[in-house]
Amino acid sequence: MKSENIVTIIPFSSELTEPIKTLNIEWLKKYFRIEPKDERVLSNPKEEIIDKGGMIFYAKYKEEIVGTISLIKMNDGTFELSKMAVTDGVQGLGIGHELMQHCIVAAHESGIQKIILYSNRRLKSAIHLYEKFGFEEVLLEDGIYERADIKMEKIIS
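Described in the following lines is the structure provided in the data block. (Residues numbered from 1 in each chain as written. Predicted model: local features only at pLDDT ≥ 70, side-chain atom pairs only at ≥ 80, totals over all residues. Heavy atoms only, no water.)

A separate point is unusual backbone geometry. Negative phi characterises most residues that are not glycine, and trans characterises most peptide bonds. Non-glycine residue Glu63 carries a positive phi angle of around 65 degrees. Along the chain, the position of Glu63 falls in the loop between strand E2 (55–61) and strand E3 (64–73). Despite not being glycine, Lys83 shows a phi value in the positive range, around 50 degrees. Counting through the fold element by element, Lys83 comes out in strand E4 (residues 78–86). (Helix = DSSP H or I, 4+ residues; strand = E, 2+ residues; numbered from the N terminus.)

Right, let's get into the sheet that holds strand E1 (residues 8–11). Spatial ordering of the open sheet is given by E1-E2-E3-E4-E5-E7-E6, a layout of seven strands whose pairing is mixed. The open sheet has two edge strands with one neighbour each: E1 and strand E6 (136–138). The mean inter-strand angle of the sheet, taken between neighbouring strand axes irrespective of direction, is 30 degrees. Lying on the sheet, helix H5 (residues 124–132) is in contact with E4, strand E5 (114–119) and strand E7 (150–155); it crosses E7 at an angle near 20 degrees. (Pairing = 2+ DSSP bridges. Axes fitted to C-alpha atoms, helices over the stretch in contact; angles between N-to-C directions. Contact = heavy atoms within 4.5 Å.)

Burial of E2 is extensive: six of the seven residues sit out of reach of the surface. Where E1 lies against E2, four bridges are found, and the strand directions are antiparallel. Bridged to Thr8 within E2 is Lys60. Between the end of E2 and the start of E3, which pair antiparallel, lie two residues, with Lys62 showing a positive phi angle near 50 degrees. (Buried < 20%, exposed > 50% of the residue type's maximum accessible area, 1.4 Å probe, protein only.)

With that settled, consider the packing of helix H4 (residues 95–109) against H5. In contact at an axis separation of 11 Å, H4 and H5 are set at 40 degrees when each is read in the N-to-C sense. Looking at the two axes, H4 sits oblique to H5. Crossing hand, H4 versus H5: right-handed. Residue-level inspection shows Gly96, His97 and Met100 of H4 in contact with H5, the latter providing Leu129, Tyr130 and Lys132. The residue makeup of the contact of H4 with H5, split by class, is three nonpolar, two polar and one charged. (Parallel < 35°, antiparallel > 145°, perpendicular 65-115°, else oblique. Left-handed = near helix turned anticlockwise from the far one by under 90°. Nonpolar A, V, L, I, M, F, W, Y, C, P; charged D, E, K, R; others polar.)

Where helix H1 (residues 17–31) contacts helix H2 (residues 36–43), the two axes come as close as 9 Å, and the packing angle between them is 155 degrees. It follows from the interaxial angle that H1 and H2 lie roughly antiparallel. Seen from above, H1 lies across H2 with right-handed handedness. For the pair H1 and H2, the contacting residues are Ile20, Lys21, Asn24, Ile25 and Leu28 in the first and Asp38, Glu39, Leu42 and Ser43 in the second. For the contact of H1 with H2, a count of residues per class yields four nonpolar, two polar and three charged.

Written out as structure tokens, the structure is:
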């Protein structure tokens, strides 16, 4: 495999503020709508995620940022896996898997005890990926995201 075809996972930097927004808006517009919470977080990822103790990672493939994933701090032991997106043109290449794997390792290394996520059952490949990484369905509370009809969690050991 040529080196430019290798997926590299890189952390957030101030030069990479825009990709989290463009990548997430792409899939949100395709399947749902952009909610006010999305707009706030995606327009200010450093303030809304990084400065509050969270993490953002990007997938770089063929010298382009093609995917992103975030861990948003809920409290000292629990983080929300959020803002995960892989651009349409490279879906099916395992980039989502690479992002998830990196995120789980980072969570473990950071002492995070539990990761939660909100999704929609329409996103069958995403749900399958979460299950593959050991996420299990738990009771969904109201009012988090309009589009969410499933909540999942993973205990990090």
